[in-house]
Amino acid sequence: MGTLGKVFFWVVTAFVLFVIVAPLAWIYLTAFKSPNDIFTTEARKLIFFKPTMENFNRLFREFPFWDNFLNTVIISVSSTVVVMVISSLAAYSFARWNTGRGHLLFTTISTRMFPGVVAAIPFFVMYRNLGLLDTRFGLALLHIYFNTSFATFLLYGFFKEIPEELEQAAMVDGYSRVDIFRKIVLPLVRPGLAVTAVFCLVWSWNEFLFSFLFTRVAARPVTVLISSFWGSIEVQYGPMAAGAAIVILPTLVAAWFMQRYIIRGLTFGAVKG
Amino acid sequence: MAEVWLENVVKMYGKKMAVRGVSFTCREGEFFSILGPTGAGKTTILKMIAGIEPVTAGKIYFNDRVVNDLPPQERNVSMAFETYNLYPHMTVYENIAFPLRAPRWRLKLTPEEEKKRVEEIAAFLGIDRLLDRLPQNLSGGQKQRVSLARALVRRAEVYLLDEPIAHLDAKLKFSTQTLLKEFARRYGSTIIYVTHDFREALALSDRMVVLRRGKVEQEGTPEEIYYYPRTDFVGRLVGDPPMNLVDGELLSRNGVLFFCKGEDFMLRLEGTLAEKAESVAWEENGKRVVRLGIRPEHIRLSGEKPSENALRFPVYAVIHESESSVVTFRLKDNTFLYVRTVGFCKYGRGEEVWIDFDPQWVFFYGKTVEVAKEGSSEQ
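Cut-offs applied
Residues numbered from 1 in each chain as written. Chains lettered and ligands numbered in written order. Predicted model: local features only at pLDDT ≥ 70, side-chain atom pairs only at ≥ 80, totals over all residues. Heavy atoms only, no water. Salt bridge = Lys/Arg side-chain N within 4 Å of Asp/Glu carboxyl O. Helix = DSSP H or I, 4+ residues; strand = E, 2+ residues; numbered from the N terminus. Buried < 20%, exposed > 50% of the residue type's maximum accessible area, 1.4 Å probe, protein only. UniProt positions renumbered as here; feature names shortened; annotations may be inferred. Core = buried A, V, L, I, M, F, W, Y, C linked by side-chain atoms within 4.5 Å. Contact = heavy atoms within 4.5 Å. Pairing = 2+ DSSP bridges. Patch = residues over 30% accessible without salt bridge, like charges linked within 9 Å, V, L, I, M, F, W, Y side chains within 5 Å. Areas by Shrake-Rupley, 256 points an atom, 1.4 Å probe, with all protein chains shown as cover. Expected span 1.5 Å × (residues − 1). Buried area = accessible area lost by both parts, 1.4 Å probe. Polar contact = N/O pair within 3.5 Å; in protein donor to acceptor, adjacent residues only side chain to side chain. Nonpolar A, V, L, I, M, F, W, Y, C, P; charged D, E, K, R; others polar. Phe/Tyr/Trp six-rings, centres within 6.5 Å; stacked < 30°, edge-to-face > 60°. Lys NZ or Arg CZ within 6 Å of the ring centre and 35° of its normal. Axes fitted to C-alpha atoms, helices over the stretch in contact; angles between N-to-C directions. Parallel < 35°, antiparallel > 145°, perpendicular 65-115°, else oblique. Left-handed = near helix turned anticlockwise from the far one by under 90°. Lys, Arg positive; Asp, Glu negative; His and termini not counted. Charge placed at Lys NZ, Arg CZ, Asp CG, Glu CD.

Novice: What should I look at first to understand the pattern of salt bridges in this one?
Specialist: Close approach of charged atoms allows side chains of opposite charge to pair. All names here are of chain B. Across all of its chains, the model carries 29 salt bridges over all chains by this definition. The salt bridge partner of E74 is R104, with a shortest N-O separation of 3.6 Å. In this pair, E74 is assigned in the loop between strand 5 (65-66) and strand 6 (77-80) and R104 in the loop between helix 2 (92-101) and helix 3 (111-124), connecting sequence segments 30 residues apart. Judged by its relative accessible area of 38%, E74 falls in the partly exposed class. A salt bridge links E270 to R268, with the shortest nitrogen-to-oxygen separation between them at 3.6 Å.

Novice: Explain the UniProt feature "transmembrane region" (unreviewed entry) in chain A to me, please; I cannot follow it from the model alone.
Specialist: On the UniProt side, "transmembrane region" (unreviewed entry) is annotated at positions that read residues 7-29, 69-92, 104-125, 137-159, 180-205 and 237-258 of chain A here. Taken end to end, residues 237-258 of chain A is 100% helix and 0% strand, and its first and last C-alpha atoms sit 30 Å apart.

Novice: Quick question: what am I supposed to make of the nonpolar core here?
Specialist: Nonpolar side chains in soluble globular proteins tend to end up buried together. A:F159 and B:I45 are the most contacted members of the largest nonpolar core, which has 58 residues in total. With 7 residues, helix 9 (residues 177-206) of chain A is the single largest residue contributor to this core. If we skip the residues at most four places from it in the chain, B:I45 touches B:L6, B:V19, B:V22, B:F24, B:I34 and B:L211. B:A80, B:V118, B:L125 and B:I191 belong to the second largest nonpolar core, which has 35 residues in total.

Novice: Where do I start with the pairing of strand 9 (residues 207-212) of chain B in this structure?
Specialist: Each regular strand displays side chains that alternate between the two surfaces of the sheet. All names here are of chain B. A large share of strand 9 lies buried, amounting to 6 of its 6 residues. Side-chain alternation along strand 9 places R207, V209 and L211 on one buried face and M208, V210 and R212 on a second face that is also buried. By the bridge criterion, 4 bridges tie strand 3 (residues 31-35) to strand 9 in an arrangement that is parallel. Directly across from S33, in strand 9, lies its bridge partner M208. Pairing geometry for strand 9 and strand 10 (residues 215-220), over 5 bridges, is antiparallel. Note on strand 10: the bridge partner recorded for L211 is V216. Adjacent in sequence and paired antiparallel, strand 9 and strand 10 are bridged by 2 residues, among which R213 carries a positive phi angle near 40°.

Novice: Any chance you could explain a nonpolar patch on the surface here in plain terms?
Specialist: Together, A:F8, A:V12, A:F15, A:V16, A:L17, A:F18, A:V19, A:I20 and A:V21 make up a nonpolar patch on the protein surface, roughly 900 Å² of accessible area in all. Among the structural elements, A:V16 can be located in helix 1 (residues 3-31).

Novice: I would appreciate a short explanation of helix 4 (residues 65-97) of chain A in the present structure.
Specialist: Quick reminder: α-helices carry 3.6 residues per turn. Residues three or four places apart thus point the same way. The end-to-end C-alpha distance of helix 4 of chain A, which contains 33 residues, comes to 47 Å, matching closely the 48 Å that a straight helix rising 1.5 Å per residue would cover. Following helix 4 of chain A by one or two positions, A:N98 has its phi on the positive side, about 50°.

Novice: Would you explain the interface of chain B and chain A in this entry?
Specialist: Often, the extent of an interface is quoted as the loss of accessible area upon association of its parts. Counting residues at the interface gives 27 residues for chain B, matched by 20 residues for chain A. Between chain B and chain A, roughly 2000 Å² of surface is buried when both sides are summed, and carbon and sulfur atoms account for 60% of that area. Applying the counting criterion to the chain B and chain A interface returns 2 salt bridges. A salt bridge links A:D173 to B:R150; the shortest N-O distance between them is 3.9 Å. Between the two partners, chain B and chain A, sit 10 residue pairs in polar contact (both at pLDDT 80 or more). Counting residues per element, the ones that place at least two in the side of chain B that touches chain A are helix 1 (42-50), strand 6, helix 2 and helix 4 (140-152) of chain B. For the side of chain B that touches chain A, the per-class residue count stands at 16 nonpolar, 5 polar and 6 charged.

Novice: What exactly am I supposed to notice about the packing of aromatic side chains here?
Specialist: When we look at a pair of aromatic rings, we describe it by the centre distance and by the angle of the planes. Enumeration according to the criterion identifies 45 aromatic pairs over all chains in this entry. Aromatic pair B:Y226 and B:Y227: ring centres 4.9 Å apart, planes at 85°, arrangement edge-to-face. Here the aromatic cluster, defined as three or more aromatic residues joined through ring pairs, consists of A:F123, A:F124, A:Y127, A:Y145, A:F146, A:W203, A:F210 and A:F214. Its end group placed over the ring of B:Y187, B:R155 keeps NZ or CZ at 3.9 Å from the ring centre. The residue whose ring lies beneath B:R295 is B:Y226, and the NZ or CZ to ring-centre distance is 4.1 Å.

Novice: Can you help me understand the side chain of A:D37 in this one?
Specialist: Mapping A:D37 onto the fold places it in helix 2 (residues 35-39). Apart from residues lying up to four places away in sequence, A:D37 is in contact with A:K45, A:F49 and A:K50.

Novice: Looking at this model, I keep getting lost on the packing of helix 8 (residues 164-172) of chain A against helix 9 of chain A. Mind explaining?
Specialist: When two helices pack together, their arrangement is given by the angle between the helix axes and by the axis-to-axis distance. Residue and element names in this part refer to chain A. Where helix 8 meets helix 9, the axes come as close as 10 Å, and the angle between the chain directions of the two elements is 140°. Here helix 9 runs oblique to helix 8, going by the angle between their axes. Crossing hand, helix 8 versus helix 9: right-handed. Two secondary-structure elements touch here, helix 8 through L166, E167, A170 and M171 and helix 9 through R177, I180, I184, V185 and L188. Its residues placed into classes, the contact of helix 8 with helix 9 shows 7 nonpolar, no polar and 2 charged.

Novice: What is the right way to look at the sheet that holds strand 17 (residues 311-320) of chain B in this model?
Specialist: Across a sheet, paired strands are connected by hydrogen bonds in the backbone, their directions being either parallel or antiparallel. Residues and elements named next belong to chain B. Read across the open sheet, the 5 strands follow the order 16-20-17-18-19; overall the sheet is antiparallel. Both outer strands of the open sheet, strand 16 (299-302) and strand 19 (336-342), are each paired with one neighbouring strand and no more. Going from strand to strand, the sheet's axes swing by 45° on average, the running direction of each strand aside. Here strand 17 pairs with strand 20 (residues 352-357) via 4 bridges, running antiparallel. Pairing of P314 across the sheet is with E352, part of strand 20.

Novice: Just checking my understanding: could you explain the environment of B:E119 for this structure?
Specialist: Within the secondary structure, B:E119 sits in helix 3. In the structure, B:E119 is positioned 22 residues away from B:A97 in sequence and 9.7 Å away in space, judged by C-alpha atoms.

Novice: Would you mind going over the side chain of B:Q142 with me for this structure?
Specialist: Looking at the element boundaries, B:Q142 is found in helix 4. Not counting chain neighbours up to four residues away, the residues in contact with B:Q142 comprise B:L130, B:R133 and B:N137.

Novice: Even after reading the chapter, I still don't get a positive patch on the surface, so can you show me in this structure?
Specialist: On the surface, B:K16, B:R20, B:R213 and B:K215 cluster together to form a positively charged patch. Relative to the elements of secondary structure, B:K16 occurs in strand 2 (residues 16-26).

Novice: What should I look at first to understand the pairing of strand 13 (residues 266-269) of chain B in this one?
Specialist: Residue and element names in this part refer to chain B. Only one face of strand 13 is buried: it carries L267 and L269, and the other face, with M266 and R268, is open. Strand direction decides the pairing type here: strand 12 (residues 256-260) and strand 13, joined by 4 bridges, are antiparallel. Note that in strand 13 the partner of F258 across the bridge is R268. Hairpin remark: strand 12 followed by strand 13, antiparallel, with 5 residues in the connecting loop; positive phi at G262, about 80°.

Written as structure tokens, this is what we have:
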């Protein structure tokens, strides 16, 4: 790489880094600022200010932050668990026995091809009639519905990677289908399962549209709470940034975790015996 | 131990017929080889016996019991795959112990017993130092031996070995052959062995079949296959250099039959040899043509004319091997005639030598394979 190439490399890297880091930095800086510091036009105050916990105190005292946070945790974790159970079995079936000769797999994936809003109105009517509006169960069910197709598609690829002969060898060695799934297939597909689970978890964690439409008070996830700071009279940047700063943390951890596993997942072929 | 009997077994992959009505019997305690070139259907047959691939038509028997519909777990067979198929997430030890731990066989070994069994077979195959490694840290030859160990660790009705030593280096190949023979003797095991290497098949088998495009070309002992190949295909597949195949015209002069290939290649045929030649000859451009087959070691060379039937040719090339030499002659249509002589060959290139065919080992065939024309032009 020539000098020019090196310069170009670092310019692009710096730009990408800025694009990714700047909003995060802004959120975390804002979270610790007093209202005056947030709205000041003094450039120096962008970074240099007297940190305060005021926004966090307000967030915890004046708003049901922890209740909503708990909703998010319950909905995303429970929906992900259910999705993983359904999808891993479905994807294994599609990958190994070509169940439905591709049509069923396509139908499953196609539920993700139209914009979610299209389904919102019929879902809403149905949910109202079933009494599922503003329930954690109802929202988790929606997340399951949307994530299952995605997870099945992703896992299908991972299961396809496992050579069929490996399972045949285990059959000859005297193991039943269930044992083979447990002892051979699952351990081998583990990186794929991890990646898929994290994807589903993050999607459900961040999901806003359906959460906004289908919940009011009891089942409201934290994403909807944060959006409510954007009121008609004023925008409460302080609590908003404080809330976002907390809510982002788990997804950052997930991203860090995924980075290792995605690389393993992508090079999965190399694991073959 | 079991006897394995295939009766008209057919395997279709979609519209493609991979196995076309194969029948053979592997007797109890027999070392039985399936020899054939790539794509002959060897592995498919093995997988059908294992129960991995369903049989399209025909029957497979274990001891007079039809097993067509039994899943692999119910057949009590053991198999070493050509592609190894080691479990990548398990160590070598766990791989070998895996069949012992299957609930299906109800072995219920204590950890000590299991360890003893695994270490015994690993030591037998010389992989006892690899037990803690993962398959990804093994060489091809090591993987192959682990796969073989996994197949041999359990006492099964039938052992199915698919090219189990193909990826070993020459020395290991030889010693592993010896070990396999010893294993078969010690346990009186029924072994079905698939290979594309005629040397392995001849060296190991009690009996064998030669497979060609999903059909049995010949079944017999290694001696029968080598010394009495039923078709030109078998003659070509088995032997190095392979059996000489010469296409020539049948001419009748004064009531005596001759096999001719040009003016300088005339063989007088008598008795059963003449009858055999007549029976398999075919018409080509108004001539009666037949294919003569003879193994390189059944041709004698000499400086003096040894018999009435001897032919005289110049030497084309001499290849010296350790205990013998292969002398090549070039015939009219650019096919080579190979002659194996014991010891160091004293003839040089271009020297005129007498060639004498041992009539006991001359065979006549119909034409079922193309004989490659080698070396199309001479400088």
